[in-house]
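So the chains spell out like this:
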Amino acid sequence: DAGITQSPRHKVTETGTPVTLRCHQTENHRYMYWYRQDPGHGLRLIHYSYGVKDTDKGEVSDGYSVSRSKTEDFLLTLESATSSQTSVYFCAISGTSGEAQETQYFGPGTRLLVL
Amino acid sequence: QQPVQSPQAVILREGEDAVINCSSSKALYSVHWYRQKHGEAPVFLMILLKGGEQKGHEKISASFNEKKQQSSLYLTASQLSYSGTYFCGIPQGGSEKLVFGKGTKLTVNP
């Protein structure tokens, strides 16, 4: 199994507060992704990274920012949390030799509740 | 563009078979299948590549029909452990991104 951890695993916060979620990998994969998962919507890409300091937006990036200062860490920040950002957030990694580039491995997820 | 999965949900008894379909409006070069159990992360099952190659995982196999722009997942003699939501994912833009279907919820009862 790919070594991916997410922290925190659960968080309750209030509307308007900033929140940062962390994804950490020990596999030296090039690509890292943040998804949110909501009932009826499946997995939707928020942002992804294709290298240190190289990031790009996904389909639901509004209200989110990311940073990747090291290969192993990918941070997702909600600048000012809103109730619509209550969701389960998954980090994923991909891009190791010997596999299709886009095969992704997911972290355990973070459950975020914004009150 | 998001692939379309069908059916949205299926309920089986142990030992029965099921087929889950994944269709795209654009040409397909590969299709990825994942399974997610309740409260857990999605887990990679298999990748189907252009050329109609069929792959297998446990008693789960899949086919890829590039002409029909469709992939099908076959679950044979289903077990209780097969319960979960199955997602297909297809590359979008550059090959490093996947766009996922909304999922098919499979429930296997004793």
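Definitions and limits used
Residues numbered from 1 in each chain as written. Chains lettered and ligands numbered in written order. Predicted model: local features only at pLDDT ≥ 70, side-chain atom pairs only at ≥ 80, totals over all residues. Heavy atoms only, no water. Core = buried A, V, L, I, M, F, W, Y, C linked by side-chain atoms within 4.5 Å. Buried < 20%, exposed > 50% of the residue type's maximum accessible area, 1.4 Å probe, protein only. Helix = DSSP H or I, 4+ residues; strand = E, 2+ residues; numbered from the N terminus. 1 Å grid on protein atoms, 1.4 Å probe; cavity = no way out; pocket = protein on both sides within 12 Å on 5 of 7 lines; lining within 4 Å. Points joined across faces, edges and corners; volume = space filled by probe spheres on them. Nonpolar A, V, L, I, M, F, W, Y, C, P; charged D, E, K, R; others polar. Polar contact = N/O pair within 3.5 Å; in protein donor to acceptor, adjacent residues only side chain to side chain. Disulfide = S-S within 2.5 Å. Phe/Tyr/Trp six-rings, centres within 6.5 Å; stacked < 30°, edge-to-face > 60°. Contact = heavy atoms within 4.5 Å. Buried area = accessible area lost by both parts, 1.4 Å probe. Salt bridge = Lys/Arg side-chain N within 4 Å of Asp/Glu carboxyl O.

Q: So what exactly am I meant to see when it comes to the nonpolar core here?
A: As a rule of thumb, nonpolar side chains are buried together in soluble globular proteins. In terms of nonpolar packing, the biggest core is built from 23 residues, with B:V31, B:W33, B:M46, B:L73, B:L75, B:Y86 and B:L106 touching the most fellow members. Within the residue set of this core, elements represented by two or more residues are β2 (9-13), β3 (18-23), β4 (30-36), β5 (43-49), β7 (60-65), β8 (70-75), β9 (84-92) and β11 (104-109) of chain B. Within the second largest apolar cluster, 19 residues are counted, among which are A:M32, A:V60, A:F74 and A:A81.

Q: Whenever I open this one, the layout of surface pockets confuses me. Can you help?
A: Sizing a probe to match a water molecule and rolling it over the atoms shows the empty space that remains. Quantified by volume, the largest pocket comes out at close to 800 Å³. A:Q37, A:P39, B:Q36, B:T85 and B:F87 are the residues nearest the centre of the largest pocket, which is lined by 35 residues in total. Of all the secondary structure elements, the ones that give two or more residues to the lining of the largest pocket are β4 (31-38), β9 (87-94) and β11 (110-114) of chain A together with β1 (4-6), β9 and β11 of chain B. Broken down by element, the residue count for the lining of the largest pocket peaks at four residues, all from β11(B). Per-class residue counts for the lining of the largest pocket are nine nonpolar, 19 polar and seven charged.

Q: What is the right way to look at the environment of A:E27 in this model?
A: All names here are of chain A. By the element assignment, E27 lies in the loop between β3 (19-25) and β4. Residue E27 is classed as partly exposed on the basis of its relative accessible area of 32%. Separated by 20 residues in sequence, E27 and H47 have C-alpha atoms that sit 20 Å apart. A polar contact of 2.8 Å, which involves the side chain of E27, links it to the backbone nitrogen of G3.

Q: Explain the state of the cysteines to me, please; I cannot follow it from the model alone.
A: Here a disulfide denotes one covalent bond, and it connects the sulfur atoms of two cysteines. Inspection of the entire model under this criterion finds two disulfides over all chains. Sulfur-sulfur distance for the disulfide between A:C23 and A:C91 comes to 1.9 Å. Classification of the bridge connecting A:C23 and A:C91 rests on its S-S torsion, roughly -70 degrees, and on that basis the disulfide is left-handed. Here A:C23 is found in strand β3, whereas its partner A:C91 is found in strand β9, with 68 residues between them in sequence. Of the two residues examined, A:C23 and A:C91, each falls in the buried class. There is a disulfide in this structure between B:C22 and B:C88, and the S-S distance comes to 2.0 Å.

Q: What's the story with the packing of aromatic side chains in this structure? I'm lost.
A: The relation between two aromatic rings is expressed through the spacing of the ring centres and the mutual angle of the planes. Going through the model one piece at a time under the given rule, you end up with twelve aromatic pairs over all chains. Grouped by ring-pair contacts, the aromatic residues A:Y33, A:Y35, A:Y48, A:Y50, A:F90, A:Y105, A:F106, B:Y34, B:F44 and B:F100 constitute a single cluster.

Q: Got a minute to help me understand the interface of chain A and chain B in this structure?
A: Often, the extent of an interface is quoted as the loss of accessible area on bringing the components together. Between chain A and chain B, the contact holds 21 residues from the first and 20 residues from the second. Taken together, the two surfaces of chain A and chain B that pack against each other cover about 1,600 Å², and 58% of this comes from carbon and sulfur. For the interface between chain A and chain B, the tally reads zero salt bridges. Here chain A is connected to chain B by two residue pairs in polar contact (both at pLDDT 80 or more). Those elements that provide at least two residues to the side of chain A that touches chain B are β4, β5 (42-51) and β10 (105-106) of chain A. Looking at side-chain class alone, the side of chain A that touches chain B contains eleven nonpolar, eight polar and two charged residues.

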